[in-house]
Amino acid sequence: MKIIVCVKQVPDTAATMAVENGNISWGDAPLIINPWDEFAVEAALNLVADQGGEVTALCLGKEEETEAIKHALAMGVDAAVLVSDPALKGSDNVAASKVLAAAITKIGEVDLVLFGQQSVDTDTGLLPVQVARLLKWPSLTLVSKFEEVTPAENSLQVVRSMEEGNQIIKSLMPAVVSVTKDYGEPRYPSFMGIRKASKAEYPVWNLADLGIDLPSSSISWPEVNEPVEQEIVTEIIDGDTAEEKAKILVEKLIAEKVL
Amino acid sequence: MTKKILTYIDHFHGKVQSSSWEALGLAAKIAADSGGEAAALILGEGVNDLAEQAFHYGADQVFLADHAILKDFRPEPLAELIAAAAGDYQPDVMIFPTTTRGRTLAGMAAVDLESGVMVDVIDLDWKEDKITATRSIYGGKLLAKLTCSTSPEIITIRTRAFDKPEPDSGRSGSITNLEVSLDPADQATTVMDIQEKASGVSLTDASVIVTGGRGTAINPALTPPDDLDEEGADIWKAEQGFDLIQNLADVLGAAVGASRAAVDAGYIEYDHQVGQTGKVVSPDLYVACGISGAIQHLAGMRSSKVIVAINKDPDAPIFNFARFGLVGDMHEILPPLTAGLKAYLEG
């Protein structure tokens with residue numbers, strides 16, 4: 001099987017985010033692979049371990065944004081491609097999807113494209129859907145389990161989640177799948193993996209390499225703000241026993257009219 | 001400028017997600033302000049009855065496709081119909097609820113209609129001719145304002161961010177039946193089975209959430225069975241802590257949440273996780289039990305209206321965000337708290 005796993009670099013989720021002169025800042029917090037993408041990398045590695053084949057990590061980002069690719073390589077993916085072009089700054093998710101779809105087409109003969117369920121920075125969760133739509137492949141979102149994968153028949157069966165429960169769905173390949181945390185713990189990169197990743201070389205493709213013009217973007221972000229800190233007056237509820245504290249809290253909640 | 005607004009009514013086998021009516025209520029407001037029109041789009045099998053409900057919740061007209069091929073949720077055939085309906089109706093704005101299905105279909109519509117989508121919007125300004133949407137990014141740590149320069153402007157709205165309208169049973173309107181010419185043989189996907197969850201309140205719909213963290217497992221009064229290893233004993237204790245949380249949630253009609261630490265430790269399924277790598281929620285009441293308040297958790301719940309924190313550590317960061325704080329052991333406080341609230345709510 002030939003699998004592409006799309007990865008993205010984001011600030012650590014423990015980072016305190018701020019807006020300075022209109023720019024988003026995360027201070028000196030480390031940059032990491034989008035935590036949700038680790039589940040997709042884990043799934044990709046397990047699929048090729050079962051079925052044979054190779055996994056390529058595909059990342060769209062600035063040329064210096066190497067953390068996601070390095071982490072995926074350290075986890076064990078076979079190859080990586082970075083798509084980077086200064087013209088892409090400010091692209092919306094449809095434009096980004098068009099660029100990724102072009103890169104996937106250029107890599108070619110792909111059975112599956114895996115994504116994390118969304119990225120922890122912009123939180124849209126749209127790329128797995130839009131890339132699939134552009135490639136005219138089925139989109140299988142929020143997948144927790146690969147029940148059957150049969151490359152000879154170009155088919156797979158997965159468990160995907162919705163508000164009301166799980167759907168067991170059979171699909172033709174190629175397909176685009178987004179993987180959830182329920183898939184299972186991603187592996188830690190091994191020492192050897194980290195060493196190998198630090199020396200790995202990978203191509204960097206710009207728009208000309210992909211043979212496409214800059215896709216237009218519809219969505220712009222005229223403003224980003226820090227949330228207005230609500231003035232919270234914390235009332236510590238005191239009492240001699242747990243029962244007494246509980247009783248006072250009940251009264252306070254009734255008075256607050258939130259029940 | 002008058003605006004034509006098309007709202008997608010998300011449902012599961014005919015059971016409507018209430019955020020669909022919130023979306024329709026928002027559409028009706030924008031339509032009223034612009035002298036325009038709110039239309040609802042209902043796709044599925046056995047969904048004819050939903051049209052009447054849509055009129056009651058503010059639709060002026062309904063586009064409806066009731067067809068066996070639409071029985072189970074599959075995005076591709078639905079996206080075809082959505083694109084066709086939008087092509088005929090030419091809406092200025094399309095609104096979807098941010099459910100798992102709504103998010104997917106809105107994303108596909110943006111590709112099909114060559115426009116853009118503003119996802120999981122929590123506030124919307126349409127007073128100027130242009131719509132400005134507000135959404136949270138970095139799991140609620142920052143707020144971004146967005147605009148869309150192409151038509152239709154596609155929006156998905158966060159559940160509970162906009163008011164659900166009061167249904168008006170006197171309203172009605174016209175129904176347009178959409179032609180469904182999809183061939184089952186052309187479909188790349190087949191739904192084999194559906195495993196429905198036991199009914200419970202979902203985190204994103206809940207007006208009250210009770211959440212447990214690491215503290216659920218910290219209970220010296222309990223002695224785990226001898227045959228458990230350390231991890232097993234920890235989970236055994238946590239399960240009993242979460243039973244206390246579930247009891248309170250049952251009394252309040254609340255959803256049960258968990259911190260990432262509790263999920264990662266195996267105390268409860270990921271489905272319950274609140275925070276930047278879980279669900280972002282803003283209920284009316286959020287009761288945090290045995291949660292210290294890591295930044296990624298706070299980002300996902302701090303817009304809750306009233307936060308109650310119960311924690312043994314008086315220095316836990318969660319107290320800085322709480323309206324009411326109880327310094328103490330959740331295992332001791334929850335039983336009398338549950339009993340007291342039960343007495344009030346049933347009295």
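Residues numbered from 1 in each chain as written. Chains lettered and ligands numbered in written order. Predicted model: local features only at pLDDT ≥ 70, side-chain atom pairs only at ≥ 80, totals over all residues.

(A) View of the overall build of chain B. Helices and strands together make up the secondary structure of chain B, namely 8 helices and 17 strands. Seen along its three principal axes, the alpha-carbon backbone of chain B occupies a region of about 65 × 45 × 40 Å. Evaluated residue by residue, chain B yields a buried proportion of 55% over its 347 residues. A sequence separation of at least 24 residues applies to 66% of the contacts in chain B between residues at least 6 apart. (Helix = DSSP H or I, 4+ residues; strand = E, 2+ residues; numbered from the N terminus. Buried ≥ 20, exposed ≤ 12 C-beta atoms within 10 Å, placed from the backbone. Contact = placed C-beta atoms within 7 Å.)

(B) Looking closely at helix α4 (residues 127–135) of chain A. By the criterion of burial, α4 of chain A is predominantly enclosed, with 9 of the 9 residues buried. Residues L127, P128, V129, Q130, V131, A132, R133, L134 and L135 of chain A constitute the buried set of α4 of chain A. Against the buried residues of α4 of chain A lie β1 (2–7), α3 (93–107), β8 (112–116), β9 (139–150) and β12 (175–179) of chain A together with α4 (100–112) of chain B. Following α4 of chain A by one or two positions, K136 of chain A adopts a phi angle in the positive range, close to 60°.

(C) Representation of the environment of V5 of chain A in the model. Residues and elements named next belong to chain A. Tracing the backbone shows V5 in strand β1. Among the residues examined, V5 registers 29 C-beta atoms within 10 Å and is labelled buried. V5 sits 107 residues away from L112 along the chain, and the two C-alpha atoms are 8.3 Å apart. Not counting the four nearest positions on each side in its chain, V5 is found in contact with A40, V41, A44, V55, A57, A72, V77 and L114.

(D) Spatial organisation of the confidence of the model for chain B. Confidence in the prediction for chain B averages 95 pLDDT; 100% of positions are at 70 or higher. Both scores are given for the predicted complex: the pTM is 0.91, the ipTM 0.94. (pLDDT = per-residue confidence, 0-100.)

(E) Layout of the interface of chain B and chain A. Tallying the contact residues gives 73 residues for chain B and 67 residues for chain A. In the side of chain B that touches chain A, the residues fall into 37 nonpolar, 22 polar and 14 charged. By the bridge criterion, 5 bridges tie strand β14 (residues 219–225) of chain A to strand β9 (residues 142–148) of chain B in an arrangement that is antiparallel. Within the sheet, the bridge partner assigned to E223 of chain A lies in β9 of chain B and is K145 of chain B. (Nonpolar A, V, L, I, M, F, W, Y, C, P; charged D, E, K, R; others polar. Pairing = 2+ DSSP bridges.)

(F) Broad picture of the sheet that holds strand β14 (residues 255–258) of chain B. Overall, parallel pairing links the 6 strands, which are arranged β15(A)-β17(B)-β16(B)-β15(B)-β13(B)-β14(B) in an open sheet. Where the open sheet ends on each side, the last strands, each with one partner, are β15 (235–236) of chain A together with β14 of chain B. Contacts between helix α7 (residues 242–256) of chain A and the sheet are confined to β16 (306–311) and β17 (324–327) of chain B, with β17 of chain B contributing the most and set at about 175° to the helix. (Axes fitted to C-alpha atoms, helices over the stretch in contact; angles between N-to-C directions.)

(G) Focus on the sheet that holds β9 of chain B. What the 10 strands build is an open sheet, ordered β14(A)-β9(B)-β8(B)-β7(B)-β10(B)-β6(B)-β1(B)-β4(B)-β5(B)-β11(B); its pairing is mixed. Edge positions in the open sheet fall to β14 of chain A together with β11 (174–177) of chain B, since each of these has one partner strand only. Each strand of the sheet is rotated relative to its neighbour by a mean of 35°, with strand direction disregarded. The strands that helix α3 (residues 75–89) of chain B touches are β1 (4–8), β4 (37–44), β5 (61–66) and β6 (93–97) of chain B; relative to β4 of chain B, the one it contacts most, it runs at about 155°.

(H) Focus on the packing of α3 of chain A against α4 of chain A. All names here are of chain A. Contact geometry of α3 with α4 gives a least axis separation of 9 Å together with a crossing angle of 55°. Compared by their axis directions, α3 and α4 come out oblique. Note that α3 runs across α4; the crossing there is right-handed. Contacts from N93, V94, A96, S97, K98, L100, A101 and I104 of α3 reach α4 at L127, Q130, V131, L134 and L135. Here the residues of the contact of α3 with α4 are counted per class, giving 9 nonpolar, 3 polar and 1 charged. (Parallel < 35°, antiparallel > 145°, perpendicular 65-115°, else oblique. Left-handed = near helix turned anticlockwise from the far one by under 90°.)

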